[in-house]
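# Working through the structure, step by step
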Amino acid sequence: MSSTGTTPDLEYPAEGWTGFVREHLGPSLMWALLGIGGSHIVLAPTLGGLYGLFAVWIVGLVYLAKYGGWELGIRYNYGMGRNPVEGYGDLPGPAHWGQWLTLLIYLVGWTTILAAVGFTSATFAAALVPGLTPIQLYVGLIGLAMALTLASRYSWLENLMKIFVVTLGLLIVLGLFVAPPSATVVRETTFAVPDVTAPGFLGLFAAIAGYAPTGLSTTVTIGSWSLAKEQGARALREQNRDPHDEQYHDYIRAWMDVGKRDFRIAFGFSFVLIVSMIFLASSVLYPTPPKDQNVALAIGNLLQDSFGPWSFYVLIVGAFAALYSTVITVMDGAARVNADVLDLVLDREVDTDRYRRLFILAMGIASIVPILVIGQLPVTLVIFSAALMAILQVFFYIANYYIVDKHLPEPFQPTTWQRVYYGITIVLVVGFGVMGAMGRLGLVGG
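## Brief notes about the overall build of the protein
- If you tally the helices and strands in the protein, you get 21 helices and 0 strands.
- At 22 Å, the protein has a C-alpha radius of gyration in line with the 22 Å of a compact globule built from 446 residues.
- C-alpha atoms of the protein, sized along the principal axes, occupy 70 × 45 × 45 Å.
- Here the contacts in the protein between residues at least 6 apart in sequence split such that 84% fall between residues at least 24 apart.
- One finds the centroid of the 24 positive side-chain charges in the protein at a distance of 4 Å from the centroid of its 29 negative side-chain charges.

## Quick look at helix H4 (residues 54-80)
- For H4, built from 27 residues, the straight-helix expectation of 39 Å at 1.5 Å per residue is met to within 8% by its first-to-last C-alpha distance of 40 Å.
- At Lys66, H4 is deflected by roughly 30 degrees, the largest bend along its length.
- Most of H4 sits inside the fold, with 22 of its 27 residues counted as buried.
- Looking one or two residues past H4, Gly81 carries a phi angle of roughly 70 degrees, positive in sign.

## With respect to the environment of Arg75
- You can see Arg75 is positioned in helix H4.
- Sequence-wise, Arg75 and His96 are 21 residues apart; in three dimensions their C-alpha atoms are separated by 22 Å.
- If near-sequence neighbours (up to four positions away) are discounted, Arg75 is found in contact with Met80, Met256, Lys260, Val404, Leu408, Phe412, Gln413, Pro414, Gln418 and Tyr422.

## Concerning the pattern of salt bridges
- Overall, the coordinates contain 10 salt bridges when judged by the stated rule.
- A salt bridge links Glu71 to Arg75; the shortest N-O distance between them is 2.8 Å. Here Glu71 and its partner Arg75 are both found in helix H4, 4 residues apart, which amounts to about one turn of the helix.

## Some points on the packing of aromatic side chains
- Applying the stated criterion across every chain, the model contains 27 aromatic pairs.
- Relative to Phe271, the ring of Tyr63 has its centre 5.1 Å away and its plane inclined at 65 degrees; by these criteria the two rings are edge-to-face. Of this pair, Tyr63 sits in helix H4 while Phe271 sits in helix H13 (residues 249-284), placing them 208 residues apart in sequence.
- Consider the rings of Phe119 and Tyr138, whose centres lie 6.3 Å apart with planes at 55 degrees: the pair is tilted. Of this pair, Phe119 sits in helix H6 (residues 97-126) while Tyr138 sits in helix H7 (residues 134-151), placing them 19 residues apart in sequence.

## Section: the packing of helix H10 (residues 199-211) against helix H19 (residues 378-392)
- Remark: H10 packs on H19, axes separated minimally by 7 Å, with the N-to-C direction vectors making an angle of 65 degrees. Considering the angle they form, H10 stands roughly perpendicular to H19. At the point where H10 passes H19, the crossing takes the left-handed sense. From H10, Gly203, Leu204, Ala206, Ala207, Ala209, Gly210 and Tyr211 reach across to H19, where they touch Val382, Ile383, Ser385, Ala386, Ala387, Met389 and Ala390.
- Taken together, the residues that form the contact of H10 with H19 break down as 11 nonpolar, 3 polar and no charged.

## Some words on the side chain of Thr120
- With respect to the helices, strands and loops of the structure, Thr120 is situated in helix H6.
- Excluding its chain neighbours within four sequence positions, the residues that come into contact with Thr120 are Val42, Leu323, Pro378 and Val382.

## Points about a negative patch on the surface
- A cluster of acidic residues, Asp340, Asp343, Glu349 and Asp351, forms a negative patch at the surface.
- Topologically, Asp340 is positioned in helix H16 (residues 310-345).
- Judged by its relative accessible area of 40%, Asp340 falls in the partly exposed class.

## Comments concerning the packing of H19 against helix H20 (residues 394-407)
- The N-to-C vectors of H19 and H20 enclose an angle of 30 degrees; their axes lie 4 Å apart at closest approach. Classed by the angle they form, the pair H19 and H20 counts as roughly parallel. Along the contact surface, H19 presents Ala390, Ile391 and Leu392, while H20 presents Val394, Phe395 and Phe396.
- Taken together, the residues that form the contact of H19 with H20 break down as 6 nonpolar, no polar and no charged.

## Regarding the confidence of the model for the protein
- For the protein, per-residue confidence averages 87 on the pLDDT scale, and 94% of positions sit at 70 or higher.
- Low confidence marks residues 1-5, where pLDDT is under 50. Its contacts with residues over four positions away, or in another chain, come to 14 contacts.

## With respect to the environment of Ser39
- Along the chain, Ser39 falls in helix H3 (residues 38-51).
- The spacing of Ser39 and Gly73 is 34 residues in sequence and 22 Å in space, taken between C-alpha atoms.
- Residue contacts for Ser39: discarding those within four places in its chain leaves Ala44, Ile208, Tyr211, Ala212, Pro213 and Ile274.
- Polar side-chain contacts of Ser39 include one of 3.1 Å to the backbone oxygen of Gly35.

## Quick look at H6
- With 30 residues, H6 should reach 44 Å at 1.5 Å per residue; the first-to-last C-alpha distance of 42 Å fits that figure.
- Of all the bends found along H6, the most pronounced is centred on Trp110 and spans about 25 degrees.

## Quick word on unusual backbone geometry
- Following Ala212, the chain continues into Pro213 via a peptide bond in cis, with omega recorded as -15 degrees.
- By the element assignment, Pro213 lies in the loop between H10 and helix H11 (218-227).
- Look at the link from Tyr286 to Pro287: it is a cis peptide, with omega at 5 degrees.
- Inspection of the secondary structure assignment puts Pro287 in the loop between H13 and helix H14 (295-300).
- Positive phi, close to 65 degrees, is recorded for His96, a residue that is not glycine.
- Among the structural elements, His96 can be located in the loop between helix H5 (84-87) and H6.
- Phi angles above zero are rare outside glycine, and Asn240 is one such case at about 60 degrees.
- Turning to its location among the elements, Asn240 is positioned in the loop between helix H12 (233-238) and H13.

Rules of the game
- Residues numbered from 1 in each chain as written.
- Predicted model: local features only at pLDDT ≥ 70, side-chain atom pairs only at ≥ 80, totals over all residues.
- Heavy atoms only, no water.
- Helix = DSSP H or I, 4+ residues; strand = E, 2+ residues; numbered from the N terminus.
- Rg over C-alpha atoms; globule rule 2.2 N^0.38 Å.
- Contact = heavy atoms within 4.5 Å.
- Lys, Arg positive; Asp, Glu negative; His and termini not counted.
- Charge placed at Lys NZ, Arg CZ, Asp CG, Glu CD.
- Expected span 1.5 Å × (residues − 1).
- Bend = angle between axes of the 7 residues up to and from the residue.
- Buried < 20%, exposed > 50% of the residue type's maximum accessible area, 1.4 Å probe, protein only.
- Salt bridge = Lys/Arg side-chain N within 4 Å of Asp/Glu carboxyl O.
- Phe/Tyr/Trp six-rings, centres within 6.5 Å; stacked < 30°, edge-to-face > 60°.
- Axes fitted to C-alpha atoms, helices over the stretch in contact; angles between N-to-C directions.
- Parallel < 35°, antiparallel > 145°, perpendicular 65-115°, else oblique.
- Left-handed = near helix turned anticlockwise from the far one by under 90°.
- Nonpolar A, V, L, I, M, F, W, Y, C, P; charged D, E, K, R; others polar.
- Patch = residues over 30% accessible without salt bridge, like charges linked within 9 Å, V, L, I, M, F, W, Y side chains within 5 Å.
- Areas by Shrake-Rupley, 256 points an atom, 1.4 Å probe, with all protein chains shown as cover.
- pLDDT = per-residue confidence, 0-100.
- Polar contact = N/O pair within 3.5 Å; in protein donor to acceptor, adjacent residues only side chain to side chain.

Written out as structure tokens, the structure reads:
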């Protein structure tokens with residue numbers, strides 16, 4: 001890409017927190033809301049109900065290990081002005097293999113997520129709509145999600161869902177202060193290491209490693225949302241400017257700092273909410289976690305003793321909103337990513353909107369398959385799909401590291417200490433994937 005001799009029309013980030021919140025905060029909050037579903041509503045209460053406050057150490061390790069995978073993606077978004085999936089076309093090996101793999105992960109892996117989160121949302125809806133079974137509600141909810149995403153008229157519903165999700169988050173954090181775990185639970189569970197070879201522990205650990213705060217495949221989704229704002233190196237590319245040109249590095253650096261700040265706020269919000277849910281589960285559910293048959297009722301009753309019967313309905317509606325907004329976002333996001341990837345890998349012009357619609361139909365119809373194979377078991381479905389994502393997400397961390405190392409201008413390359421962190425955490429994420437694979441194959445904990 002060449003640079004012209006004219007003065008570029010570049011807008012630097014607004015100064016101060018007010019300007020940041022007004023003009024720049026956003027893409028990562030959408031990412032956080034995408035993640036507040038199976039991990040926060042199902043897996044966190046299950047972990048807290050089983051292991052008490054020791055579960056905080058588990059999610060803390062997962063968050064610490066996976067942060068780098070997204071940080072590399074953010075660094076690439078603002079430093080190169082490209083979605084990481086564009087960079088995957090330069091991975092060593094057969095042409096476009098990384099992009100084809102991304103398409104496969106989004107098509108198969110995200111369809112499994114769609115089934116797991118969709119059926120769990122149907123379970124919560126069944127607690128509000130007597131007389132209809134979860135499978136009946138699932139078919140209706142998936143059909144509605146398909147109609148909304150096909151027509152691209154779902155924004156009003158998603159905004160409504162966000163209100164419920166934020167309300168749910170505030171209520172959970174408030175509930176933590178009103179009904180904290182007892183001193184006995186704190187003393188007995190905080191450092192009580194469970195049997196780490198038990199199949200139940202391995203399955204849940206792999207699941208939380210895959211789902212919390214979301215799978216690393218969402219580095220591509222957040223890349224699309226970030227680049228849509230046309231800031232940082234993206235703005236340079238729109239004006240045919242070369243991000244490697246030194247005269248633009250201060251501009252890129254300013255926007256990269258904004259992108260990282262946006263992500264860290266959302267990352268912290270996600271962590272506070274999942275830890276709060278673990279504390280609540282340790283207080284109310286420990287040592288009996290929610291089961292497949294009563295997961296909705298168990299979550300709904302978390303705050304009833306503290307706030308009264310009305311809190312049951314607030315939690316049920318809020319949890320349903322969190323889960324169903326994930327259904328809509330997963331269906332639309334995966335279809336858009338797959339259509340965009342086809343545009344990158346096929347040697348002909350692609351009607352991306354037509355393919356987006358085809359992917360929506362295919363995913364919606366195919367999502368019934370995991371339910372038929374595994375059964376109408378919301379917790380089991382979430383654990384299965386999350387462990388699958390723990391395996392698949394290894395690719396995205398390694399691929400993001402490679403394209404940052406090969407493509408970014410030298411001033412935006414990671415420092416030595418950051419490379420040490422990436423190396424250690426990549427090993428951890430690979431370990432999560434191995435654990436998920438061995439658990440699925442029944443090779444551990446027998």
